Amino acid sequence: MTTRFHKVAVVGAGAVGSFYGAMLARAGRQVVLIGRPPHVAAIERDGLKLDMAGRIETIRIDASTTLDAVRGADLVLFCVKSTDTDAVARELAPRLDPHAVVLSLQNGVENAATIARALRQTVVPAVVYVATAMGGPGIVRHFGRGDLVIGALDAGASGEPALAGVLHDLVALFAAAGVKVTISSDVTAELWSKLLVNCAYNAISALAQAPYARLAALPGIREVQALIVREVVALAQAEGVALDLEASLQAVERIARTMPAQYSSTAQDVARRKPSEIDHLNGFIARRGRELGVAVPVNQTLAALVKLVEAGHERTE
């Protein structure tokens, strides 16, 4: 096991951050979860409950509500909502040790670059394939997968020995915790591929409050998803990112099989009447489509509908 990462801090410990923090803690790493007061209070009182593979395991793990808890961390799992990336990264800047590595476990394609603009430390983007949800304060539920794809933020730097060492140490760290991590030579394309899947599922799951298998069971929804995929592939091409259309369509179909019971993170946010990341998913596609002159009407419509639901929440609060 790598000795590079002694202390791990999870910033924004919701479902995804709590899951990976739990996996590392149960493998013997020193981990601190930084999250909201109810979650932290429950963990301090009862431990973190990991509901996984048909059993509930209690994991004793440090938790805090303050970003000061990142001090001394060798690795930071950056898991905040995309809307908060810039502000939290700036708050982290004076608290991080110079040698710390920041791993972005977030949706969207812009987060790692946003973090890197605020920090001097090494920032590594990760593509996250895991089905999780919060079961209440102090409880994280795992429904499937858990693998990560990582790579160099700047593809031209991927061969640098120092960065290559960091990437391989991350693979070893997570492997010891039972989490498969793959190094990609083009993580930007991987991020776009994940964004494409998010765009195909997140908004529809949110608007219908339905899991992925139920979406895939309806031919009409599959046709809408195919239109979304074609729009994202076209926009990616305009951005200089080559995505294979057939492989992208197959990836969307495969997600429903590997995560049939999963409700999207956007669906979970809408159900809790919380602001979602839609501006960084279908909303991002709509914005870049306008900027680059690429027609993306289905993504634009879905983003607008989710924003309409969120506006209704604001009026009733």
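Asks: What is the right way to look at the packing of aromatic side chains in this model?
Replies: Each aromatic ring pair is characterised by the separation of its centres together with the angle its planes make. Tallying each qualifying case throughout the model produces four aromatic pairs. Taking NZ or CZ as reference, Lys194 lies 5.5 Å from the ring centre of Tyr129, over its face.

Asks: I'm lost on empty space enclosed by the protein in this one. Help?
Replies: One simple way to see leftover space: roll a probe sized like a water molecule over the atoms. Per the stated rule, a full pass over the model turns up two cavities of 30 Å³ or more. Lining the largest cavity are Ser104, Gln106, Gly108, Val109, Glu110, Asn111, Ala112, Pro125, Ala126 and Leu191. Of all elements in the fold, only helix 4 (111-118) and strand 8 (122-136) reach the threshold of two or more residues within the lining of the largest cavity. The calculated volume of the second largest cavity comes to roughly 30 Å³. Around the second largest cavity sit Gln106, Asn107, Gly108, Ala126, Val127, Val128, Leu191 and Lys194, which together line it.

Asks: Looking at this structure, I do not really get the layout of surface pockets. What am I missing?
Replies: When its volume is computed, the largest pocket comes out at roughly 1,200 Å³. Considering the residues around the largest pocket, the lining is formed by 48 residues, among which Gly12, Gly14, Ala15, Cys79 and Lys81 are closest to the centre. When residues of the lining of the largest pocket are traced back to their parent elements, those giving at least two are helix 1 (15-26), helix 2 (37-46), helix 3 (85-92), strand 8, helix 6 (187-208) and helix 10 (265-271). The residue inventory of the lining of the largest pocket, partitioned by class, reads 23 nonpolar, 16 polar and nine charged. Of the voids in this model, the second largest pocket is the one considered here, and its volume is about 350 Å³. Around the second largest pocket, the lining is made up of 17 residues, and of these Tyr129, Glu190, Ser193, Ala251 and Arg254 lie nearest the centre. In the lining of the second largest pocket, the residues fall into 10 nonpolar, two polar and five charged.

Asks: Explanation requested: the packing of helix 3 against helix 4 in the structure shown.
Replies: The description of two helices packed together rests on the angle between their axes and the distance between the axes. Where helix 3 meets helix 4, the axes come as close as 8 Å, and the angle between the chain directions of the two elements is 35 degrees. Two packed elements cross with a definite hand, and for helix 3 against helix 4 that hand is right-handed. Seen from helix 3, the contacting residues are Thr85, Asp86, Ala89 and Arg90; seen from helix 4, they are Asn111, Thr114, Ile115 and Ala118. Tallied by class, the residues present in the contact of helix 3 with helix 4 amount to three nonpolar, three polar and two charged.

Asks: What should I look at first to understand the pairing of strand 7 (residues 101-104) in this one?
Replies: Both faces of the sheet carry side chains from a regular strand, because those side chains alternate between them. A two-sided burial pattern is seen for strand 7, the buried positions comprising Val101 and Leu103 on one face and Val102 and Ser104 on the other. Where strand 6 (residues 75-78) meets strand 7, four bridges bridge the pair, whose relative direction is parallel. Pairing of Val76 across the sheet is with Val102, part of strand 7. Here strand 7 runs beside strand 8; their pairing, made up of four bridges, is parallel. Of the residues in strand 8, the one forming a bridge with Ser104 is Pro125.

Asks: Is there a simple way to think about the packing of helix 8 (residues 219-238) against helix 9 (residues 245-258) in this case?
Replies: Viewed as axis vectors pointing N to C, helix 8 and helix 9 meet at an angle of 135 degrees, and their least axial separation amounts to 10 Å. As far as their axial angle goes, helix 9 and helix 8 are oblique. As helix 8 packs across helix 9, the resulting crossing turns out to be right-handed. Across the interface between the two elements, Gln225, Ala226, Val229, Arg230 and Val233 of helix 8 pack against Leu245, Ser248, Leu249 and Val252 of helix 9. Class assignment for the residues of the contact of helix 8 with helix 9 results in six nonpolar, two polar and one charged.

Asks: Even after reading the chapter, I still don't get the environment of Ala126, so can you show me in this structure?
Replies: Counting through the fold element by element, Ala126 comes out in strand 8. Taking relative accessible area as the criterion, Ala126 reaches 2% and is therefore assigned buried. Remark: the alpha-carbon pair of Ala126 and Arg95, spanning 31 residues in sequence, is separated by 22 Å. Other than its neighbours up to four places away in sequence, Ala126 contacts Leu103, Ser104, Leu105, Gln106, Val149, Ile150 and Leu191.

Rules of the game
Residues numbered from 1 in each chain as written. Predicted model: local features only at pLDDT ≥ 70, side-chain atom pairs only at ≥ 80, totals over all residues. Heavy atoms only, no water. Phe/Tyr/Trp six-rings, centres within 6.5 Å; stacked < 30°, edge-to-face > 60°. Lys NZ or Arg CZ within 6 Å of the ring centre and 35° of its normal. 1 Å grid on protein atoms, 1.4 Å probe; cavity = no way out; pocket = protein on both sides within 12 Å on 5 of 7 lines; lining within 4 Å. Points joined across faces, edges and corners; volume = space filled by probe spheres on them. Helix = DSSP H or I, 4+ residues; strand = E, 2+ residues; numbered from the N terminus. Nonpolar A, V, L, I, M, F, W, Y, C, P; charged D, E, K, R; others polar. Axes fitted to C-alpha atoms, helices over the stretch in contact; angles between N-to-C directions. Left-handed = near helix turned anticlockwise from the far one by under 90°. Contact = heavy atoms within 4.5 Å. Buried < 20%, exposed > 50% of the residue type's maximum accessible area, 1.4 Å probe, protein only. Pairing = 2+ DSSP bridges. Parallel < 35°, antiparallel > 145°, perpendicular 65-115°, else oblique.

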